[in-house]
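# Commentary on secondary and tertiary structure
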Amino acid sequence: MTISVAERADLRSAVRDLLQEKCSEQDVRAAMAPEDGFDRELWRRLATQGVLGMLVGDEHGGLGFGPLELEAVAEETGAALLPAPFISSAVLTVALIQAAGTEEDKRRLLPGLADGSSIGTVAVTGARGTWTPAGVDVTAGADGTLTGSAHFVTHGQLADVILVVAQSTDGPAIFQVDVDAPGFRRTPASVFDPTVPLSTYTFADTPARRLGTAGWDAVQQALDLTVVALAGEQAGGTRRIFDITIEYLKTRFQFGRAIGSFQALKHMAADLLLEVESATSAAQNAAAQFEDEQARAGAVALAGFACAEAYVSTAMQAVQMHGGIGFTWEHPCHLYVRRARSGLQLFGDSASHRERYLASKGA
């Protein structure tokens, strides 16, 4: 279901208001300390707003929205540095269940993901982090058991709905593993950004249940929608750190003048504004083109590298433009640098997105 532009703006505004109330810089820093890494009360309120069930059909307790609404909301979660499994659970897991699951799978899993009582994640790639069929390092035996390892599993320690992409006799397939299944172990990984925790999953003859009969096409579709959400978050984060920097340039005085009046900083700010607008356009275009199967691959790939690189570039320049204060851990610049860097290779790196973009254009 697609809603009007005005309704989409209202949805975005409601999410922004909630995050301004419950996801300040202090809240983000506080969420980095506990083991579970996010505010359960904020998660509940996001569920009440319908954010966690945006992509879930109303027959399963969701709103049934599409990529345009997802991207708009993601810009707000990215601007606020939301430290919660939104992309992992409400996007990647939901999208994969809807693409690959049977009707029984959907009835069983989607309502809990939509109301926030369940948290989902998907184990896709091995240690190489390619997010391609060749990068899947878990194998499924004839008896349905899984063996191998998966890396870069987002919010993997929190999840109670665990989906695993594994190599089967008929190619990549999707399985569900119980959290207490024998032979299954999850280990937290060392991360640059504590607000995006990652895990390594290992399986040793672990019993699993296959979801439907779909293969890599369903995984790719779910990953594409996840890249749209990540690009939205990156565009939102790029704009927010730019706004923070511009405000600093207006209020920081040297030699009796606001430093924003210095020509060199004006030029840097103009370059950053171009990054902001380019990232926003790429993310919104990917959402707009998503339902067009011919245009989707190129639009998603473009957003995948353009938004990630714009975010890193803007965040790093913001540190420089803040001078000495920007290099301190107490300043929010570092939170955005860490989030930008953490997303640079998540769900595919810039090189792989560029290759896919060129392939989509026949190059």
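Worth saying up front: this structure is predicted, and the values here are computed from it rather than measured.

Once that is clear, we can look at the overall build of the protein chain. Helices and strands together make up the secondary structure of the protein chain, namely 11 helices and 10 strands. By the compact-globule yardstick of 21 Å for 363 residues, the protein chain fits well, its C-alpha radius of gyration being 20 Å. With respect to the principal axes defined by its C-alpha atoms, the protein chain has extents near 75 × 50 × 40 Å. Per-residue burial over the protein chain gives 53% buried out of 363 residues. Counting only contacts in the protein chain whose residues sit at least 6 apart along the sequence, the fraction spanning at least 24 positions is 73%. Accessible area of the protein chain: about 15200 Å², with a carbon and sulfur share of 52%. In the protein chain, 29 positive and 43 negative side-chain charges are present, and the distance between their average locations comes to 5 Å.

What follows covers the domain arrangement of the protein chain. Along its sequence, the protein chain is organised into domain 1 (5-115), domain 2 (120-215) and domain 3 (217-361). When each unit is reduced to the centre of its C-alpha atoms, the spacing between domain 1 and domain 2 is 22 Å. Tallying the contact residues gives 23 residues for domain 1 and 17 residues for domain 2. Sorting the residues of domain 1 by area buried against domain 2 places Ser88, Leu96 and Ala100 first, and these three jointly supply 26% of that buried surface. Scanning the region where domain 1 abuts domain 2 turns up two salt bridges. In this structure, Glu104 engages Arg209 in a salt bridge whose closest nitrogen and oxygen atoms are separated by 2.8 Å. Taken together, domain 1 and domain 2 are joined by eight residue pairs in polar contact (both at pLDDT 80 or more). Of all the secondary structure elements, the ones that give two or more residues to the side of domain 1 that touches domain 2 are α5 (86-100) and α6 (103-115). With eight residues, the single largest contributor to the side of domain 1 that touches domain 2 is α5.

This next bit is on the state of the cysteines. Following the criterion strictly, the structure yields zero disulfides and no others. Free cysteine Cys23: the closest other cysteine sulfur is in Cys333, separated by 17 Å. With a relative accessible area of 0%, Cys333 lands in the buried category.

Rules used throughout
- Residues numbered from 1 in each chain as written.
- Predicted model: local features only at pLDDT ≥ 70, side-chain atom pairs only at ≥ 80, totals over all residues.
- Heavy atoms only, no water.
- Helix = DSSP H or I, 4+ residues; strand = E, 2+ residues; numbered from the N terminus.
- Rg over C-alpha atoms; globule rule 2.2 N^0.38 Å.
- Buried < 20%, exposed > 50% of the residue type's maximum accessible area, 1.4 Å probe, protein only.
- Contact = heavy atoms within 4.5 Å.
- Areas by Shrake-Rupley, 256 points an atom, 1.4 Å probe, with all protein chains shown as cover.
- Lys, Arg positive; Asp, Glu negative; His and termini not counted.
- Charge placed at Lys NZ, Arg CZ, Asp CG, Glu CD.
- Domains from an automatic or database assignment.
- Buried area = accessible area lost by both parts, 1.4 Å probe.
- Salt bridge = Lys/Arg side-chain N within 4 Å of Asp/Glu carboxyl O.
- Polar contact = N/O pair within 3.5 Å; in protein donor to acceptor, adjacent residues only side chain to side chain.
- Disulfide = S-S within 2.5 Å.

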